[in-house]
Amino acid sequence: MDPGRRRALEGTNVLYWPYDGGYNPSADREKTQHEIQEYKVWANAYLAERGDLPPVVDLVTALSDGITLIKLVEVMAEQPVPLPHPKPNSWIQRVENTTACPIAT
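Residues numbered from 1 in each chain as written. Predicted model: local features only at pLDDT ≥ 70, side-chain atom pairs only at ≥ 80, totals over all residues. Heavy atoms only, no water.

### Section: helix α2 (residues 29-50)
A rise of 1.5 Å per residue sets the reference length of α2, with its 22 residues, at 32 Å; its end C-alpha atoms lie 32 Å apart and thus fit the reference within 8%. Listed as buried for α2 are K40, A43, N44 and L47. Burial along α2 is one-sided: seen end-on, the buried residues are contained in an arc of 110°. Within α2, the exposed residues directed more than 90 degrees away from the buried face are K31, Y39, V41 and E49. Contact partners of the buried residues in α2: α3 (59-64) and α4 (67-77). G51 lies just past α2 and shows a positive phi near 80°. (Helix = DSSP H or I, 4+ residues; strand = E, 2+ residues; numbered from the N terminus. Expected span 1.5 Å × (residues − 1). Buried < 20%, exposed > 50% of the residue type's maximum accessible area, 1.4 Å probe, protein only. Arc of directions from axis to C-beta. Contact = heavy atoms within 4.5 Å.)

### So, α4
Most of α4 sits inside the fold, with 9 of its 11 residues counted as buried. Taken together, the buried positions of α4 are I67, T68, L69, I70, K71, L72, V73, E74 and V75. Among the structural elements, α2, α3 and α5 (91-100) are those in contact with the buried residues of α4. Count one or two residues on from α4 and you reach E78, which has phi positive near 55°.

### Points about the nonpolar core
Core analysis: the largest hydrophobic core is formed by 6 residues, namely A43, L47, V56, L59, A62 and L72. Taken together, the elements giving at least two residues each to this core come down to α2 and α3. Leave out the neighbours within four places in its chain, and L59 touches I36, Y39, K40 and A43. Counting residues in hydrophobic clusters, the runner-up holds 5 residues, among them L69, I70, V73 and V81. (Core = buried A, V, L, I, M, F, W, Y, C linked by side-chain atoms within 4.5 Å.)

Structural data, given as structure tokens:
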């Protein structure tokens, strides 16, 4: 992008800036999907030690409520982690579960 145009846009939200041909998030999609698959295998290997959870099918969904994340940390840390909401019903309860995890803070 032209430096003069960039200065004119300063202070505005970058979402409104014209695409300048730089970063293309679609180009990283395949790499990201591969990394998610690798982390899923890694998480399932640790969670298999617990035996009380089904295998993770979708990593993003499994970690979204914080329960699987906390149980994964418990296996790795070999100590219990308090779970604020064992059955989260709302978005804020899922967030509180996720932020209660020691590695999230």
